[in-house]
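Topology and contacts: notes
Okay, here's what each chain looks like letter by letter:
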Amino acid sequence: MLSSYLALLRTNRNYRLLWLAQVVSQMGDWFYSLAVYTLLLELTHNRAQSVGLAVVLQVLPQTFTAPTSGVINDRISRKAIMIGADIARFFIVLGMLVVRTPGTVWLVYPLLLFETIGAAFFEPAHEAAIPNIVPPSDVLAANTLSSLTWSFCLAAGASLGGVVAVLLGRDAVFLINAVSFLVSAWLIRRMKFQEPHTTGLPPLRGRDLVDFTPIVEGARYIRADRRLFATVFVKAGSGLLGANNVVLPILGGSVFASEFHGLDHSRGAMLGMSLLMGARGVGSLLGPLVAGQWAGGRHARLRSGILIGFLLAGGGYILLGASTTLIVAVLTVMLAHAGSSTNWVFSSTLLQVYTADRFRGRVFAADLGLCMLGISTSSYLAGVAIDWGVPARTFAVIMGLAMLIPAAAWALALAATGREEQ
């Protein structure tokens, strides 16, 4: 399986450039996220809701922007959209350098909002472009490699981000992330591929942005295919685990703060957060790698694998709530995110197979928007619940039990559409 990934990178220049752009951008993102969360906890005196609100602003706007971003991604060049989103985010992230005191901490929130809007346009373009740059036989490998890269960047970025922040300071982290967007834009600009969805379409006009006909058309397209309709909700179910963005930093900073070589509490807390977030990345890397080998591109196994993924994700967080040592906590987080990342890869592959190119932008915008709605809701509820006195361990168990809901819904979808799909 590893040889197929290496062959894809070696022989497909467009995918190689897109992959390199993902590496540099996402590595910077995970450096950045850890710096933002620790900044908020420091300037708000460890209020969990400050992190919960930050997570909401990093994801929820993508839900409301999804209809517009989906239509635009189906009307104009997806390559141009990715470049424009990267350049805009370069300037937005630089704004974080202004945040220095409790009196300026409010600036974090609009900056996160604007950055998220950029991501809301970039991500559907990225997903929708993959079938245009790789042959059908390589779609699963491309999606798996993309997920593995995201997971590696999470593991390395979250782990190294804490080290860089400790050694060089948060400003260095913000600068690294800003520059990563410029490098990503430069790499994507070098790609050359056909975008058939734009063929024969008139130029996009301002009034087209308030025309709801394409949105309704896209909704009807999704609803007309039961397989597509069920699959577009998979990431929304996995989004219930979005509270990990609040729970893991809280657990890492308090319950599992590292005492390695006599670190003071502040540095031990940052290292504990880094290790738990890094474990999330390692699990996300291993899950699709193992599951992709097992599925082998067979649609029936991709669909069955999603049910297994939901169960692993739920079980991992239930076990996390019962963990008493950092090493056990790390292993349970790895298990949970092995399941959730498998669901991400398998559902993306099925959506790309099921969807016609001219609808792909709207389908993936809806897919991402529903996912972000789940993440933002669970993250905000986690912040409120923990501030009200619910232990972070208890909320981890609640997250695990909540995963039984999408697991049951997907099991019903399997029964309705048939397990033997080819």
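Below or above, wherever it landed, is the structure these notes cover. (Residues numbered from 1 in each chain as written. Predicted model: local features only at pLDDT ≥ 70, side-chain atom pairs only at ≥ 80, totals over all residues. Heavy atoms only, no water.)

On a plain count of helices and strands, the protein chain comes out with 17 helices and zero strands. Within the protein chain, the fraction of its 422 residues that count as buried is 58%. Long-range contacts, defined as pairs at least 24 residues apart, comprise 86% of the intrachain contacts of the protein chain with a sequence gap of at least 6. Of the roughly 17,200 Å² of accessible surface on the protein chain, 69% is carried by carbon and sulfur atoms. (Helix = DSSP H or I, 4+ residues; strand = E, 2+ residues; numbered from the N terminus. Buried < 20%, exposed > 50% of the residue type's maximum accessible area, 1.4 Å probe, protein only. Contact = heavy atoms within 4.5 Å. Areas by Shrake-Rupley, 256 points an atom, 1.4 Å probe, with all protein chains shown as cover.)

By size, the foremost hydrophobic cluster in this structure holds 84 residues, and its most contacted members are V36, V108, V247 and W410. Broken down by element, the residue count for this core peaks at 10 residues, all from helix α14 (residues 326-354). In this structure W410 touches A230, T231, V234, R303, I306, L307 and F310, once residues within four positions along its chain are discounted. Of all hydrophobic cores here, the second largest spans 29 residues; its members include A125, I133, A185 and F193. (Core = buried A, V, L, I, M, F, W, Y, C linked by side-chain atoms within 4.5 Å.)

With 14 residues, helix α17 (residues 404-417) extends 20 Å from end C-alpha to end C-alpha; this agrees with the ideal 20 Å at 1.5 Å per step. Among the residues of α17, those classed as buried are P406, A407, W410, A413 and L414. The arc enclosing the buried residues of α17, seen along the axis, measures out at 120°, which places them on a common side. Opposite the packed face of α17, turned more than 90 degrees from it, sit the exposed residues I405, L412 and A415. Against α9 (226-231), α10 (234-238), α13 (299-322) and α16 (392-402) lie the buried residues of α17. (Expected span 1.5 Å × (residues − 1). Arc of directions from axis to C-beta.)

Inspection of the secondary structure assignment puts N177 in helix α7 (residues 170-189). The exposure class of N177 is buried, given its relative accessible area of 0%. In this view, N177 contacts S25, G28, D29, Y32, V93 and E115; residues no more than four positions away in its chain are not counted.

Turning to the environment of M273, a few remarks are in order. Looking at the element boundaries, M273 is found in helix α12 (residues 265-295). Overall, M273 belongs to the buried group, its relative accessible area being 6%. Along the sequence, M273 and L248 sit 25 residues apart, while their C-alpha atoms lie 6.6 Å from each other.

On to the packing of aromatic side chains. Taken as a whole and assessed by the stated rule, the structure comprises three aromatic pairs. Centroid distance F229 to F233: 5.2 Å. Interplanar angle 65°. Geometry classified as edge-to-face. For F229, a relative accessible area of 30% gives the class partly exposed. Stacked on the ring of F229, the Lys or Arg R223 has its end atom at 4.7 Å from the ring centre. (Phe/Tyr/Trp six-rings, centres within 6.5 Å; stacked < 30°, edge-to-face > 60°. Lys NZ or Arg CZ within 6 Å of the ring centre and 35° of its normal.)

In this section: the pattern of salt bridges. Opposite charge on two side chains lets them pair, provided their charged atoms get close. Within this structure, the stated rule accounts for 10 salt bridges. With a shortest N-O distance of 2.8 Å, D367 and K235 are connected by a salt bridge. Of this pair, D367 sits in helix α15 (residues 360-387) while K235 sits in helix α10, and the two are 132 residues apart along the sequence. A relative accessible area of 1% means that K235 is categorised as buried. One connected set of salt bridges, linked through shared partners, spans D74, R78, E217, D357, R358, R360 and R362. (Salt bridge = Lys/Arg side-chain N within 4 Å of Asp/Glu carboxyl O.)

It is worth spelling out α16 at this point. If you check which residues of α16 are buried, you get A392, F395, A396, M399 and G400. Along the axis of α16, the buried residues cluster in a sector spanning 150°; they form a single face.

With that settled, consider a nonpolar patch on the surface. A contiguous nonpolar patch, built from W294, I308, L312, L319 and L335 and spanning about 410 Å² of accessible area, is present on the exposed surface. With three residues, α13 is the largest single contributor of residues to the nonpolar patch. On the basis of relative accessible area, L312 is assigned to the partly exposed category, the value being 32%. (Patch = residues over 30% accessible without salt bridge, like charges linked within 9 Å, V, L, I, M, F, W, Y side chains within 5 Å.)

To characterise two packed helices, one gives the angle between the axes of the helices and the distance between these axes. The contact between α14 and α15 brings their axes to 11 Å, and the two run at 155°. Taken together, α14 and α15 sit at an angle that is classed as roughly antiparallel. At the point where α14 passes α15, the crossing takes the right-handed sense. Mapping the contact onto sequence places W344, S348, L351 and Q352 in α14 and R360, V363, F364, D367, L368 and C371 in α15. Looking at the contact of α14 with α15, its residues break down into six nonpolar, two polar and two charged. (Axes fitted to C-alpha atoms, helices over the stretch in contact; angles between N-to-C directions. Parallel < 35°, antiparallel > 145°, perpendicular 65-115°, else oblique. Left-handed = near helix turned anticlockwise from the far one by under 90°. Nonpolar A, V, L, I, M, F, W, Y, C, P; charged D, E, K, R; others polar.)

Our next topic: the side chain of T342. Its place among the elements puts T342 in helix α14. For T342, a relative accessible area of 6% translates into the label buried. A distance of 3.3 Å separates a polar atom in the side chain of T342 from the backbone oxygen of G287. Not counting the four nearest positions on each side in its chain, T342 is found in contact with G287, P288, A291 and G305. (Polar contact = N/O pair within 3.5 Å; in protein donor to acceptor, adjacent residues only side chain to side chain.)

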